[in-house]
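Inside the fold
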Amino acid sequence: MTTPIIQFEQVNKWFDQFHVLRDINLSVTAGERIVICGPSGSGKSTLIRCINRLEEHQQGRITVTGVELRDDTRSTEAVRRQVGMVFQQFNLFPHLTVLENLTLSPIWVGKVKPDEAQERAMQQLQRVRIAEQAHKYPLQLSGGQQQRVAIARALCLTPQIMLFDEPTSALDPEMIQEVLDVMVELAEQGITMLCVTHEMGFARAVADRVIFMDQGAPKIFWRKSWDIEVCPTRTIPLTSSKPTLAALPAMRPVLKGVRVVSLALNLPGPAALMRLRAMGARCLKIEPPAPASAPRGTGGDPMSHYAPQAYQDLHRGIRTLSLDLKREAGQRQLHRHLAQADVLLTSFRPSALRKLGLDWKSLHAQHPALCMVTIVGAPGAQAEEPGHDLTYLASCDLVSGHNLPPTLYADMGGSLLTTEAVLQCLLARQQPGRRQGQGLHHEVALSEAAAYLALPRHWGLTSATGMVGGAHAGYRVYACRQGRVAVAALEPHFAARLCQAAGLEASEAQDMTRKKIHQQLETFFATQTRRQLDALAQLHDIPLHTLP
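Computed from a predicted structure; not experimentally measured. (Residues numbered from 1 in each chain as written. Predicted model: local features only at pLDDT ≥ 70, side-chain atom pairs only at ≥ 80, totals over all residues. Heavy atoms only, no water.)

A few points about the sheet that holds strand β12 (residues 259-262)
Sheets are built from strands that pair by backbone hydrogen bonding, the pairs being arranged parallel or antiparallel. Taking strand neighbours across the sheet as the criterion, the six strands line up as β14-β13-β12-β15-β16-β17 in an open arrangement whose pairing is parallel. This sheet does not close on itself; its edge strands, each paired only once, are β14 (319-322) and β17 (441-445). Between one strand axis and the next, the sheet turns through 20 degrees on average, direction left out of account. With five bridges joining them, strand β16 (residues 371-376) and β17 adopt parallel strand pairing. Paired with methionine 372 across the bridge in β17 is histidine 441. (Pairing = 2+ DSSP bridges. Helix = DSSP H or I, 4+ residues; strand = E, 2+ residues; numbered from the N terminus. Axes fitted to C-alpha atoms, helices over the stretch in contact; angles between N-to-C directions.)

The following block contains the structure:
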């Protein structure tokens, strides 16, 4: 069995009362490339800083290149000779030239002769493609160039291990790629690498493992196969590497103080409620009593029976209440909640709302300040007709062959329109005038959500002869070794880079609709593995994504 080059065993660290690293167990083999991700304060930087003892751990053992880090300078110095580090800030000496910055450590720490140190420094500057800047001072360089100098400096002591602590976070967006390109090349040369970064494209291109840190512990390992492996010391109820409904982008709490009551069942309503909750709204979901045949612990929303994980994701942070609205007691409770609410969401047919006394006319008379957003299948009189996501998509020519669509486009599109409708109602209610403070009614039709999503097809953009329907050779799905690759090199500069990467002349990109270009790209992609294509995309800044 190969001895790990880095080994953490039950490592703990505190900053005063803050437990920053919790029971870390981690093995890194020589040549392995690991990317560490996670939210701020999760312990990412502290973890790698412990490897060269820039931070001292209080419990557990850390062994690096066979040397255990202890409270003695000898072991620390022995490890630091084998570990190079690149920081967020460049930490270059401004009064020394680039070459002098690189030779300082080899001469004074490594006891290397000055001539040999200069030769080694120039080799590393060539390695990071910046040798022509050797005699300039750091302040004469761009941020990306300074960070490449910092990488070359770390390499001058020929380390076995390289640590990168968010090396692109201090750079302007246009400078990030040049640093990532250098890091990709280093990774391909077999050096052991641990990198803290939020650049997930880089992680996909080079990482053997991605470690997601949270609250001081590695919670998820993402291996080369891109399957999630849950850390055995931290149980996470996660079944795949795909995003879940709970994985919403961070939103501003613009609806803080707004109260939303929802009667909407199944997908569109709860998906909208999830987004409203993410915007800060206080949300109450009222469900009918569960049928007698329902599994124990489930509610009256059918989704809690047929898709319990989706139901759990959708309702995280949302209070649910079971009420029988066909009974007087249930109606009384509902109206008590509505009297304090700002918005009501429903997904019943109009006739069902009338039977419950919840049609807009009745509701507005009883709760004049309450806004109402009703989700229906189709607008107007068609709202009484039965339908579902599939029929709405089919009516808009969005169903191909006998295959079902890969997701519920009309439902999810409708949930976004519902969220938008809530915001419109609340903004309109605040407008000065005779209606200020009065509730408004807004209808959202799922058929119209499908029609909106179908507009590119209506315009011919995604037809077989359309530029994003298969006519453009740079915007297609191709077969590759071990899977497929989705290529979106539509813009001329992306198309030119794609042609050059495939061994074609950049001038060929002037007309990407030619059959010859399609054939040449098909041949090229058939020879490439997914991993090669991921690295190619990072190296040449080409928009593509590989698939099984």
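What about the state of the cysteines?
A covalent bond bridging the sulfur atoms of two cysteines is what the word disulfide describes. Taken as a whole and judged by the stated rule, the model has zero disulfides. As a non-bridged cysteine, cysteine 156 has cysteine 195 as the owner of its nearest cysteine sulfur, 20 Å distant. Judged by relative accessible area, cysteine 156 falls into the buried class, the value being 0%. Unpaired in terms of disulfides, cysteine 283 finds its nearest cysteine sulfur in cysteine 371, a separation of 14 Å. (Disulfide = S-S within 2.5 Å. Buried < 20%, exposed > 50% of the residue type's maximum accessible area, 1.4 Å probe, protein only.)

Structural notes on the layout of surface pockets
Estimates place the volume of the second largest pocket at around 580 Å³. In terms of lining residues, the second largest pocket is bounded by 25 residues, among which Asn266, Ser347, Gly387, His388 and Leu446 are the most central. Elements with a minimum of two residues in the lining of the second largest pocket: α9 (303-306), β16 and α14 (389-395). For the lining of the second largest pocket, a count of residues per class yields 16 nonpolar, five polar and four charged. (1 Å grid on protein atoms, 1.4 Å probe; cavity = no way out; pocket = protein on both sides within 12 Å on 5 of 7 lines; lining within 4 Å. Points joined across faces, edges and corners; volume = space filled by probe spheres on them. Nonpolar A, V, L, I, M, F, W, Y, C, P; charged D, E, K, R; others polar.)

A word on the sheet that holds strand β18 (residues 475-480)
Pairing is antiparallel in the open sheet, where three strands are placed in the order β18-β19-β20. Edge positions in the sheet fall to β18 and β20 (544-547), since each of these pairs with one other strand and no more. The sheet shows a mean angle of 20 degrees between the axes of neighbouring strands, direction not considered. Direction of pairing for β18 relative to strand β19 (residues 483-488): antiparallel, over a ladder of six bridges. Bridging from a neighbouring strand, arginine 476 pairs with valine 487 of β19.

Examining the packing of helix α3 (residues 98-108) against helix α4 (residues 114-127)
Where α3 contacts α4, the axes come no closer than 9 Å and their chain directions differ by 125 degrees. In terms of orientation, α3 and α4 fall into the oblique class. Relative to α4, α3 is oriented so that their crossing is right-handed. Note on element contacts: α4 touches α3 through Pro114, Ala117, Gln118, Ala121, Met122 and Leu125, opposite Val98, Leu99, Leu102, Thr103, Pro106 and Ile107. Its residues assigned to classes, the contact of α3 with α4 comprises 10 nonpolar, two polar and no charged. (Parallel < 35°, antiparallel > 145°, perpendicular 65-115°, else oblique. Left-handed = near helix turned anticlockwise from the far one by under 90°. Contact = heavy atoms within 4.5 Å.)

Re the packing of aromatic side chains
This structure, assessed with the given rule, holds two aromatic pairs. Aromatic ring contacts, followed pair by pair, group Tyr478, Phe524 and Phe525 into a single cluster. (Phe/Tyr/Trp six-rings, centres within 6.5 Å; stacked < 30°, edge-to-face > 60°.)

A word on the nonpolar core
Counting 39 residues, the largest nonpolar core has Leu102, Ile151, Phe164, Met183, Leu186 and Phe202 as the members making the most contacts within it. Mapped by element, the contributors of at least two residues to this core are β3 (33-37), α3, α4, α5 (143-155), β7 (161-165), α6 (173-188), β8 (192-196) and α7 (200-206). With eight residues, α6 is the single largest residue contributor to this core. Those residues within four positions of isoleucine 151 in sequence are excluded, and the remaining contacts are Val86, Val128, Met162, Phe164, Val179, Val182, Met183 and Leu186. The next biggest cluster of nonpolar side chains, apart from the first, holds 27 residues, and it includes Leu21, Ile62, Val79 and Val83. (Core = buried A, V, L, I, M, F, W, Y, C linked by side-chain atoms within 4.5 Å.)

Thoughts on unusual backbone geometry
With phi around 55 degrees, aspartate 16 is a residue other than glycine that occupies positive phi space. Checked against the element boundaries, aspartate 16 lands in the loop between β1 (6-15) and β2 (18-28). The backbone of arginine 53 shows a phi angle near 60 degrees, a positive value even though the residue is not glycine. Relative to the helices and strands, arginine 53 is located in the loop between α1 (44-49) and β4 (59-64). For arginine 53, a relative accessible area of 8% translates into the label buried.

With respect to the pairing of β7
Most of β7 is tucked away: five of the five residues are buried. Across the two faces of β7 the burial is the same, with Ile161, Leu163 and Asp165 and Met162 and Phe164 all buried. Relative to β7, strand β6 (residues 83-86) runs parallel, the two sharing four bridges. Pairing of valine 86 across the sheet is with phenylalanine 164, part of β7. With five bridges connecting them, β7 and β8 associate as parallel partners.

Side note on the side chain of histidine 518
Counting through the fold element by element, histidine 518 comes out in helix α20 (residues 515-526). Filtering out sequence-adjacent residues up to four positions away, histidine 518 remains in contact with Gly470, Ala471, His472, Ala473, Arg476, Tyr478, Met512 and Thr513.

Remarks on the packing of α3 against α5
Their axes nearest at 8 Å, the elements α3 and α5 cross at an angle of 25 degrees. The angle between the axes of α3 and α5 places the two elements in the roughly parallel class. For the element pair α3 and α5, the recorded crossing hand is right-handed. Counting all contacts with α3, which are made through Val98, Asn101 and Leu102, the residues of α5 involved are Val149, Ala152 and Arg153. In terms of residue class, the contact of α3 with α5 is built from four nonpolar, one polar and one charged.

Section: the pattern of salt bridges
For the structure shown, the criterion picks out 23 salt bridges. The partner of glutamate 9 in a salt bridge is arginine 61, with the nearest N and O atoms 3.5 Å apart. Taken together, the positions of glutamate 9 in strand β1 and arginine 61 in strand β4 put the pair 52 residues apart, joining distant regions of the chain. Here arginine 316 ties to aspartate 313 by a salt bridge, and the two come within 3.1 Å at their closest N and O atoms. Arginine 316 gets classed as partly exposed once you look at its relative accessible area, which sits at 45%. We classify aspartate 313 as buried; its relative accessible area is 9%. (Salt bridge = Lys/Arg side-chain N within 4 Å of Asp/Glu carboxyl O.)

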